[in-house]
Amino acid sequence: MKKSIQFIICFIVLLSTYSSYAQIKFRQQLIASESAESVGVFDVNNDRVLDIVSGSYWYAGPLFLKRSLISQVVRVNEYFDDFSTIPLDVNGDGHMDFITGGWFGKSLHWKENPGNGGEWKQHLIAETGNIECTRAWDVDGDGYEEIVPNTPNSPLIYYSLKRDKNNKATGEFSTTKIAEKQGHGLGFGDINGDGRGDFIVSNGWLEAPVNGSNKLWKLHSDFKLTDDAGVPIIVADVNQDGLNDLIVGHGHSYGLDWYEQRNDGENSKFVKHPIDPFHSQYHTMEWADIDNDGKMELITGKRYRAHNDNDPGSNDPMELCYFKWNGESFTKNVICAGPFGKGKGTGIYFSIADLHNTGRKDIIVAGKDGLYVFFNEGL
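Residues numbered from 1 in each chain as written. Predicted model: local features only at pLDDT ≥ 70, side-chain atom pairs only at ≥ 80, totals over all residues. Heavy atoms only, no water.

**Focus on the sheet that holds strand β8 (residues 86-88)**
- Spatial strand order, β8-β9-β10-β11: four strands in an open sheet with antiparallel pairing. On the outer flanks of this sheet lie β8 and β11 (121-127), each paired with one strand and no other. Neighbouring strand axes in the sheet, compared pairwise and without regard to direction, differ in orientation by 30 degrees on average.
- Where strand β9 (residues 97-101) meets strand β10 (residues 107-112), four bridges bridge the pair, whose relative direction is antiparallel. Within β10, the residue paired with Thr 100 across the bridge is His 109. (Pairing = 2+ DSSP bridges. Helix = DSSP H or I, 4+ residues; strand = E, 2+ residues; numbered from the N terminus. Axes fitted to C-alpha atoms, helices over the stretch in contact; angles between N-to-C directions.)

**Thoughts on the pairing of strand β25 (residues 297-301)**
- The element β25 is extensively covered by neighbouring structure, given that five of its five residues are classed as buried.
- Side chains Glu 297, Ile 299 and Gly 301 of β25 all project onto a buried face; the interleaved residues Leu 298 and Thr 300 project onto the opposite face, where all are buried too.
- Where strand β24 (residues 285-288) meets β25, four bridges bridge the pair, whose relative direction is antiparallel. Bridging from a neighbouring strand, Met 285 pairs with Thr 300 of β25.
- As judged from the four bridges shared by β25 and strand β26 (residues 318-325), these two strands associate in the antiparallel manner. Within β26, the residue paired with Thr 300 across the bridge is Cys 321. (Buried < 20%, exposed > 50% of the residue type's maximum accessible area, 1.4 Å probe, protein only.)

**Comments concerning the layout of surface pockets**
- For the largest pocket, the calculated volume is near 600 Å³.
- Around the largest pocket sit 27 residues that line it, and Arg 135, Ala 136, Glu 145, Glu 286 and Tyr 349 are the ones nearest its centre.
- At the level of secondary structure, the elements contributing two or more residues to the lining of the largest pocket comprise β2 (40-42), β8, β12 (133-137), β20 (234-236), β24 and β28 (351-353).
- Here the residues of the lining of the largest pocket sort into 19 nonpolar, three polar and five charged.
- The volume enclosed by the second largest pocket comes to roughly 280 Å³.
- In terms of lining, the second largest pocket is formed by 21 residues, of which the most central are Tyr 158, Ala 208, Pro 209, Asn 211 and Trp 217.
- At three residues, strand β15 (residues 169-179) tops the list of elements feeding residues into the lining of the second largest pocket. (1 Å grid on protein atoms, 1.4 Å probe; cavity = no way out; pocket = protein on both sides within 12 Å on 5 of 7 lines; lining within 4 Å. Points joined across faces, edges and corners; volume = space filled by probe spheres on them. Nonpolar A, V, L, I, M, F, W, Y, C, P; charged D, E, K, R; others polar.)

**Quick look at the nonpolar core**
- Judged by nonpolar contacts, the single largest core of 29 residues is most densely connected at Ile 52, Ile 363 and Phe 374.
- When contributions to this core are tallied by element, the ones reaching two or more residues are β1 (26-32), β4 (57-59), β26, β27 (330-338), β29 (362-365) and β30 (371-376).
- Among the elements that make up this core, the one with the highest residue count is β30 (five residues).
- When residues no more than four places from it in sequence are discounted, the contact partners of Ile 363 are Phe 26, Ile 290, Ile 299, Leu 320, Ile 335, Phe 350, Ser 351, Tyr 372, Val 373 and Phe 374.
- Tyr 79, Leu 88, Val 90 and Ile 147 belong to the second largest nonpolar core, which has 22 residues in total. (Core = buried A, V, L, I, M, F, W, Y, C linked by side-chain atoms within 4.5 Å. Contact = heavy atoms within 4.5 Å.)

Structure representation (structure tokens):
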């Protein structure tokens, strides 16, 4: 009887996740049969056209047919040790560089754009411990993003690019430690509505102190997330009740959930709701208005072979999708799905950008199953 009830509940959730509304049409283009899992988008050669940067190469826009070497990325087993592609002009020379780092090298570094078509020099920022992924958020509210690696079992530290009196980047970083240890999964956003961004970790949220104070970031153990929470954890007011909620993927097992924040005036609690319990390895996601309706959508999918063959559902069909909030729950819109060679996974760090100035946001996604662009052709 208990199993029957569980089946009915799961079936209802499944029905509610698939959209009956008009879905966006996407045109799929294979850029390269590479297996790097991170991709960024920025203007590499200052021709005012967006380019694609992934792994050892960059691909010149607008066609993305010509590729040029950045530098060879270290490969360990099936992994390229390159777990983010964050655009940032680190040395202030007018050429866009990028931030990356990886699990195996245990370090955060930046790659310098030479501006002349040559190989890019790698510069160490810090020895960090294993990096699951790195994100960029404006932690201190100064209008510039900080670099924040997710380093399970190591301290939570963010890195701020130093600037001179004219706000020109200097190529050096300062270090701020937030906590002595963090787990798998990391997010950032204003949880308590005080106007300051807080960090979301696997065992709760770390409250930002008043700017300029010497107080420590206070841990609130209002929830405990899965031990394989993805990066990033999205902080957003999903149900528009004035309280920010959480969206959390299971990076190495089945499930995608949102945690509704409820507040009685003094205390907050977070109520877990399933979004999609039927697919695994929701390791990364983005929160963006993909259909231009003025409302944000959740763009995500399955990371292909996250732990090679060692995760639950590793050999299930791949999937790239977006979820729309319908006022009561999320509805699922499949962009691309199927077995290897037909479906497409998300890798560990993907990008959303209007590549051809159409006014529509495209999805650029890497992974062990190749580097692709999904051009947004509207409804």
